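Residue-level listing of the chains:
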Amino acid sequence: MPQSFTSIAKVGEYILKSPALSKICVPVAQKYVNLAGYRKLGLTFNDLIAEENPIVQTALSRLPEDESYARNYRIIRAHQTELTHHLLSKNEWVKAKDDVPYLMPYILEAEAAAKEKEELDNLEVVKK
C-alpha cells in the first residue's frame, strides 16, 4: 500500500522531535537538498510533488490563484532553464527560508476529506 502524505508528515514530525534522529537525519536531508539542485532551478520542494495523484489534484484546485500562478511560473521557468542547460543566477535561487510547504496543508486537508468520504461510503448500518 502506498504511504499517505499524512503518514509521511507524521514521520517527519517524529524525526524532528527526537534529538538523536534529528541529529542524524537533518544534516543528511540538507545535503540531499543541496545535491538535488532543484533550488538552483528556482523550484521549491512542493513543486516536485507529482500531480497525477487525485489527492494532489484536489489540493492544487484549492490553492489560491496567486500561489497557483507562482507555482506554474516556477515550473515553466525550471523547464526553460533545463532546456538551455543552464542554472539560474545565484540571486534567483530559492533560499532555504523561502522553501516553505505551501501545498502540504492543502494536501493533508484533501487527504483527510477523502478518508472521511471513504469511511462514510463504507459505513455499515447495524440493526438492533
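The following refers to the structure shown.

About the cut-offs
Residues numbered from 1 in each chain as written. Predicted model: local features only at pLDDT ≥ 70, side-chain atom pairs only at ≥ 80, totals over all residues. Heavy atoms only, no water. Helix = DSSP H or I, 4+ residues; strand = E, 2+ residues; numbered from the N terminus. Expected span 1.5 Å × (residues − 1). Bend = angle between axes of the 7 residues up to and from the residue. Axes fitted to C-alpha atoms, helices over the stretch in contact; angles between N-to-C directions. Parallel < 35°, antiparallel > 145°, perpendicular 65-115°, else oblique. Contact = heavy atoms within 4.5 Å. Nonpolar A, V, L, I, M, F, W, Y, C, P; charged D, E, K, R; others polar. 1 Å grid on protein atoms, 1.4 Å probe; cavity = no way out; pocket = protein on both sides within 12 Å on 5 of 7 lines; lining within 4 Å. Points joined across faces, edges and corners; volume = space filled by probe spheres on them. Buried < 20%, exposed > 50% of the residue type's maximum accessible area, 1.4 Å probe, protein only.

Quick notes on helix H2 (residues 19-36)
The terminal C-alpha atoms of H2, which comprises 18 residues, lie 25 Å apart, in line with the 26 Å expected from a rise of 1.5 Å per residue. The sharpest bend along H2 measures roughly 25° and falls at Cys25, with the proline Pro27 sitting one to four residues further on. Once H2 ends, the next one or two residues include Gly37, with phi positive near 80°.

Observations concerning the packing of helix H1 (residues 5-17) against H2
Orientation of H1 relative to H2, taken along the N-to-C sense of each, is 105°, at an axis distance of 5 Å. As the angle between them shows, H1 and H2 are arranged roughly perpendicular. Every residue of H2 that contacts H1 at Tyr14, Ile15, Leu16 and Lys17 is listed here: Pro19, Leu21, Ser22, Cys25 and Val26. Of the residues contributing to the contact of H1 with H2, the split by class is seven nonpolar, one polar and one charged.

As for the layout of surface pockets
Each pocket or cavity is described by its volume, and for the largest pocket that value is around 1,000 Å³. Surrounding the largest pocket, 27 residues form its lining, Ile8, Gly12, Leu16, Ala29 and Phe45 being those nearest its centre. Those elements giving two or more residues to the lining of the largest pocket turn out to be H1 and H2. Taken together, the residues that form the lining of the largest pocket break down as 19 nonpolar, five polar and three charged.

Considering unusual backbone geometry
Unusually for a residue other than glycine, His85 sits at a positive phi of about 60°. Looking at the element boundaries, His85 is found in the loop between helix H4 (65-83) and helix H5 (104-121). Judged by relative accessible area, which is 71%, His85 ranks as exposed.

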